[in-house]
Amino acid sequence: MRLPDRRTTLLLVVAAVPPAVEVGLLVWLNLQAAEGLAPQASAVWPYDSYHDLRWLLVYHSSWAGFVVEFLVVAVLRVVLSVALIALAWPVGTHRPSWGWLFQRNTVVTLLAALIIAPWAALSVAAAGVALSWYLLASLLPLLVLAPFLQRAVVVADWWRGLPSIELTGWTSLNFVLLTVAGAATSSGVGWWAVPIAALAGVANGLLWKRTVSAALLPRRILLYRVPVAPLAVVLVMVSPVVAQGVIGVNAGTRGEWRPPVLSQSLPADIDRAVIVLAGYASHYNGQPAADPFVERFSYRGLDGQGRPLPYEPQATQQALGTSADLLSAHVDALHRRTGRRIVLLGQSEGAMVARTYLAKRPRSPVDTVLLFSPLVRAGRTYYPPPDQQTGWGVAAGWLLRGIFGLANLTKPVKDDPDGPFVRSILDNAPFYRNQTLCPVPGVVMVAFVPTVTAAESPPGEYADIPVFQLPAFHGGIIGRAVAQRRLVEILRGVAVEDRRAEYAPLQRLAAAWQAPPLALSLNPVWRDPTGPDPARTGKVCETSRSPR
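Residues numbered from 1 in each chain as written. Predicted model: local features only at pLDDT ≥ 70, side-chain atom pairs only at ≥ 80, totals over all residues. Heavy atoms only, no water.

Comments concerning the sheet that holds strand S2 (residues 294–296)
Pairing within the open sheet is parallel, and its six strands lie in the order S2-S1-S3-S4-S5-S6. Both edges of this open sheet fall to S2 and strand S6 (467–470), since each of them pairs with a single strand only. For this sheet the average axis-to-axis angle between neighbouring strands, irrespective of direction, equals 15 degrees. Where strand S5 (residues 444–450) meets S6, four bridges bridge the pair, whose relative direction is parallel. Opposite Phe448, over in S6, you have Phe468 as the bridge partner. Where helix H11 (residues 320–338) meets the sheet, its contacts fall on strand S1 (273–277), S2, strand S3 (342–347) and strand S4 (366–372), and the angle it forms with S1 comes to roughly 155 degrees. (Pairing = 2+ DSSP bridges. Helix = DSSP H or I, 4+ residues; strand = E, 2+ residues; numbered from the N terminus. Axes fitted to C-alpha atoms, helices over the stretch in contact; angles between N-to-C directions. Contact = heavy atoms within 4.5 Å.)

Side note on the pairing of S5
Counting buried positions along S5 yields six of seven residues, so the element is predominantly enclosed. By the bridge criterion, five bridges tie S4 to S5 in an arrangement that is parallel. Along S5, the bridge assignment pairs Phe372 with Phe448. (Buried < 20%, exposed > 50% of the residue type's maximum accessible area, 1.4 Å probe, protein only.)

Observations regarding the pattern of salt bridges
Taken as a whole and judged by the stated rule, the model has 17 salt bridges. Salt-bridge contacts for Arg423 lead to Asp418; the nearest nitrogen and oxygen are separated by 3.1 Å. The residues Arg423 and Asp418 share a single accessibility class, namely buried. As a salt-bridge pair, Arg500 and Glu502 come within 2.6 Å of each other at their nearest N and O atoms. Salt bridges here are not isolated pairs; linked through shared partners, they connect Arg401, Asp418, Arg423 and Asp427. (Salt bridge = Lys/Arg side-chain N within 4 Å of Asp/Glu carboxyl O.)

Some thoughts on a nonpolar patch on the surface
A cluster of nonpolar side chains, namely Leu10, Val13, Val17, Val21, Leu25, Trp28, Leu29 and Trp191, defines an oily patch on the protein surface of about 830 Å² accessible area. Here Trp191 is to be found in the loop between helix H7 (165–185) and helix H8 (193–216). On the basis of relative accessible area, Trp191 is assigned to the exposed category, the value being 54%. (Patch = residues over 30% accessible without salt bridge, like charges linked within 9 Å, V, L, I, M, F, W, Y side chains within 5 Å. Areas by Shrake-Rupley, 256 points an atom, 1.4 Å probe, with all protein chains shown as cover.)

So, the pairing of S1
Walk down a regular strand and you will see the side chains alternate between the two sheet faces. Most of S1 is tucked away: five of the five residues are buried. Side chains of S1 alternate between two faces, with Ala273, Ile275 and Leu277 and Val274 and Val276 buried alike. Where S1 lies against S3, five bridges are found, and the strand directions are parallel. When the sheet's bridge partners are listed, Val274 is paired in S3 with Val343. Bridge analysis of S1 against S2 gives three bridges, and the strand direction is parallel. The residue of S2 that forms the bridge with Val276 is Arg296.

Structural notes on the nonpolar core
In terms of nonpolar packing, the biggest core is built from 161 residues, with Tyr47, Ile275, Leu327, Leu344, Leu345, Val369 and Trp513 touching the most fellow members. With 16 residues, the single largest contributor to this core is helix H4 (residues 98–129). Beyond its immediate stretch of four places on either side in the chain, Leu327 contacts Ile275, Leu277, Phe297, Leu344, Val353, Ala354 and Tyr357. By size, the runner-up hydrophobic cluster in this structure holds five residues, among which are Val23, Val27, Ala38 and Ala193. (Core = buried A, V, L, I, M, F, W, Y, C linked by side-chain atoms within 4.5 Å.)

Regarding unusual backbone geometry
Note: most residues except glycine have negative phi, and most peptide bonds are trans. Of note, the amide linkage connecting Trp45 to Pro46 takes the cis form, showing an omega dihedral of -5 degrees. By the secondary structure assignment, Pro46 is in the loop between helix H1 (6–29) and helix H2 (47–58). Not every positive phi belongs to a glycine, and Ala281 is a case in point at roughly 65 degrees. Unusually for a residue other than glycine, Arg377 sits at a positive phi of about 50 degrees. With respect to the helices, strands and loops of the structure, Arg377 is situated in the loop between S4 and helix H13 (394–407). Since its relative accessible area comes to 3%, Arg377 is described here as buried.

Structure follows, in structure tokens:
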């Protein structure tokens, strides 16, 4: 077997050191939930930039700190990139001067930061409100940009034509490698994560060698006269605004919401009354349910006769605590009127309202709570309100406000990253990160979890109550016949649980692309006793304060 030459060996060492050092620090700091990011420390463009920006947007506490951190990280990224390129340069091919390489990589570092920052900010939003749509939407632009940016650091006229199929293939392979390596390092292997990350770095080094060669020596450049790269850059820069608008449609419940529990009568032997809570951006026209013992929760509360009021989508943007207080009044009114124990059935935001109600009133007429598409381990990131210029994630907050502001220009219902609903999650992160899917004495609780939520939650525990998992997108379970059957079984006292084997592997595979969680001990907003941090322990349902 032919051994690698000295320069290739040095290339592999240089590529292996950053991931190994990063994951070693994370193991030492016991920040398990972020270990999946480490292999990207020496990845090809733009995965390296995406790695840097997610750390920066989460871990800064002032504008000055963000600027200083960005400059330091940018300098380190330029130096590392130039070293990797120089060592990966094909033998016998003319290499530009060191000055040209440093200048070009500085420009690409700044350009990549400008292009990727909105997507990194959306990943911060994904970790804050636990919506996989934001995370999944940020990955396609990385795959699109990778071959263009990898050409940009070595070729003068990188903006001309399409990248070669070889270059596109090698950069896509790096994405696959980083996904698998992130799954391995985030699997709770302790210090074994260091050699795993080092091996991932070695693979990164080999891909630097392949991608530099493919960028310099393409067999053929298609559309050479067309400025394809600038068009791709513009498309990627515009797409976060478009994506936010699409995400807003899919994450909410648009149109009249009539799942089977509302449109069909329950069996006659069910002796409970049911309150059904819709999710974010839903609306209600006042139409009663088919069953007289089933009522729709209203985000506006009850009328003078104790019936739920119609509401528009804007009403769902209120704080979870406010909605929980309205739910409390509804529970008491329905219990007095029917004399029956109460079942809460909530979807998405509705599930979070139900869980917040249980935290505020652990003893109540409610004896069963069914949580459909709950926000799993929400509150992993933070940014301060707009009237505060310091606080963890301050730059991420303003970047999100810009994205949402542009997206809102064409939307009838405006989404606000500082709305009371979102802020109630961010400000009460210790509870929602730890306690959402945890048991409450005397209450039967079951979570109906779509498999896509595996992309929302870091590896490790996320529930200590029975879970029924089903292949579906967020909000896609409650309308299915199987969900209605399981609902009836639960109300008849049948134990329901089905945890699918693929869920935990999907959690690990998504770990590389999530934003790193902000440690609970750092944020003074969360300074009260909060119990262990799932980001450090990988466990939930430890002691935590109730939401305000």
